[in-house]
Amino acid sequence: MLITRLVEFARNEGFADADPFFEKKPVRWLMVIAPGGRFVQLLKLGDDKRGMVYSVPKKVGGNAGGVATFGVDNPRFVLGHMEGTPDQKKLSRDLAAFGSLIAQAAREHPQEAAFETAAAFYQNPRELEEARRAATTEVVKDGDRVAVAIATDQNTALFESPAGRAFWRHYRQTQEAGKPKQAETRCLSCGEMKPP
């Protein structure tokens, strides 16, 4: 009875229909890049305490090293940037994981100019270094979330576009399909047989 009421509450509040591969999280910075992969600026979002809340790709594996999300993550992944004394091994590994995901999106969706722009940025060490200098100047913190955005009137983040959302959803569904299937059990909220 209680679980049924909680499910009803979630549906009424709009939580039940949420995409399982996305979650609401604050994004503190937009790293704006222009066509050709040129770094434009780091744009601070929100007030001094937190950024703007977006529906961002849900991270798999928490903050595990080398496991990136598409188009948004902490500065270690997005910029290869760390406060204090950086651990070069971690920076290289995490930046490579993030750049690899963007390159994969560009390969799989060659018609998406935004993906091509982001991939060009990650292939240009000079532009990446320029973005790192801006992160140091702007005091981007390790816990901040940074999103890659393409310079337009609205500076749209990669993960916000329909193509970006579709890419992440497909990427995650492919990962989930590769996992061994769990035995089904009766769902306490709807009564159907489902994996736990």
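Here the structure is shown first, and the text comes after it.
Note that the structure is a prediction, hence the values are computed from the model and not measured.

What follows concerns the packing of aromatic side chains. For the structure shown, the criterion picks out 8 aromatic pairs. Judged by centre distance (5.5 Å) and plane angle (85°), the ring pair of Phe70 and Phe115 falls under edge-to-face. Taken as a pair, Phe70 in the loop between β4 (52-57) and β5 (72-73) and Phe115 in helix α4 (residues 113-122) lie far apart in primary sequence, 45 residues in all. Taken individually, Phe70 and Phe115 each receive the classification buried, so the pair is uniform in this respect. Both rings, one in Phe167 and one in Tyr171, keep their centres 6.0 Å apart while their planes meet at 25°; by these two values the pair is stacked. On the criterion of helical spacing, the pair formed by Phe167 and Tyr171 is a turn pair, its members being 4 residues apart in helix α6 (residues 162-177). Judged by relative accessible area, Phe167 falls into the buried class, the value being 1%. Site record: aromatic cluster; members linked through ring pairs are Phe70, Phe115, Phe167, Trp168 and Tyr171.

Right, let's talk about helix α3 (residues 88-108) for a bit. Compared with an ideal rise of 1.5 Å per residue, which puts 21 residues at 30 Å, α3 spans 30 Å between its outermost C-alpha atoms and is within 8% of the ideal. Looking at α3, one finds that the buried residues are Leu91, Asp94, Leu95, Ala97, Phe98, Gly99, Leu101, Ile102, Gln104, Ala105 and Ala106. Summarising the contacts, the buried residues of α3 are in contact with β5, α2 (75-78), α4, α5 (125-137), β6 (146-150) and α6. The distance from a side-chain oxygen at the start of α3 to the backbone nitrogen of Lys89 is 3.2 Å, and the residue carrying that oxygen is Asp87.

Ordered in space as β3-β2-β6-β5, the 4 strands form an open sheet in which the pairing is mixed. Of all the strands in the sheet, the pair left with one neighbour each is β3 (38-44) and β5. Its contacts with the sheet place α5 against β2 (29-34) and β3, and it is angled at close to 20° to β3.

This brings us to unusual backbone geometry. The backbone of Val139 sits at a positive phi, close to 60°, despite the residue not being glycine. Summarising the element assignment, Val139 is placed in the loop between α5 and β6. In this model, Asn155 sits at a positive phi of 50°, which is unusual for a non-glycine residue. Mapping Asn155 onto the fold places it in the loop between β6 and α6. Residue Asn155 is classed as buried on the basis of its relative accessible area, which comes to 15%.

Bringing the environment of Arg186 into the picture now. Mapped onto the fold, Arg186 is located in strand β7 (residues 185-186). Relative accessible area serves as the criterion here: at 52%, Arg186 is assigned to the exposed category. When neighbours within four sequence positions are excluded, Arg186 is seen to be in contact with Gly191, Glu192 and Met193.

Thresholds, definitions, all that
Counting from 1, residues in each chain are numbered in the order their sequence is written. In view of the model being predicted, local features appear only for residues whose pLDDT reaches at least 70, and side-chain atom pairs are presented and counted only at 80 or more, with totals across whole chains, interfaces and linings using the full set of residues. Side-chain numbers here rest on the full set of heavy atoms in the structure, without hydrogens or water. Under the pairing criterion, centres of Phe, Tyr and Trp rings, with the six-membered ring standing for Trp, must be within 6.5 Å; the plane angle then separates stacked pairs below 30 degrees from edge-to-face pairs above 60, leaving the rest tilted. In this description a helix means any DSSP run of H or I spanning at least four residues, a strand means any run of E spanning at least two, and both kinds are numbered starting from the N terminus. When accessible area is computed with a 1.4 Å probe and restricted to protein chains, residues below 20% of their type maximum are described as buried, those above 50% as exposed, and intermediate ones as partly exposed. Here a helix's expected span is defined as the number of its residues, less one, multiplied by 1.5 Å. Throughout, a contact is declared for two residues whenever any of their heavy atoms are within 4.5 Å. Between N or O atoms, a polar contact is any pair within 3.5 Å; within protein, one atom must be a potential hydrogen donor and the other a potential acceptor, and residues adjacent in sequence are included only when both atoms are from side chains. Between any two strands, pairing holds if DSSP finds at least two bridges. Every axis in this analysis is a line fitted to C-alpha atoms, fitted for helices over the stretch in contact. Angles between the N-to-C directions lie between 0 and 180 degrees.

Without other data, these values stay purely geometric and don't point to any function.
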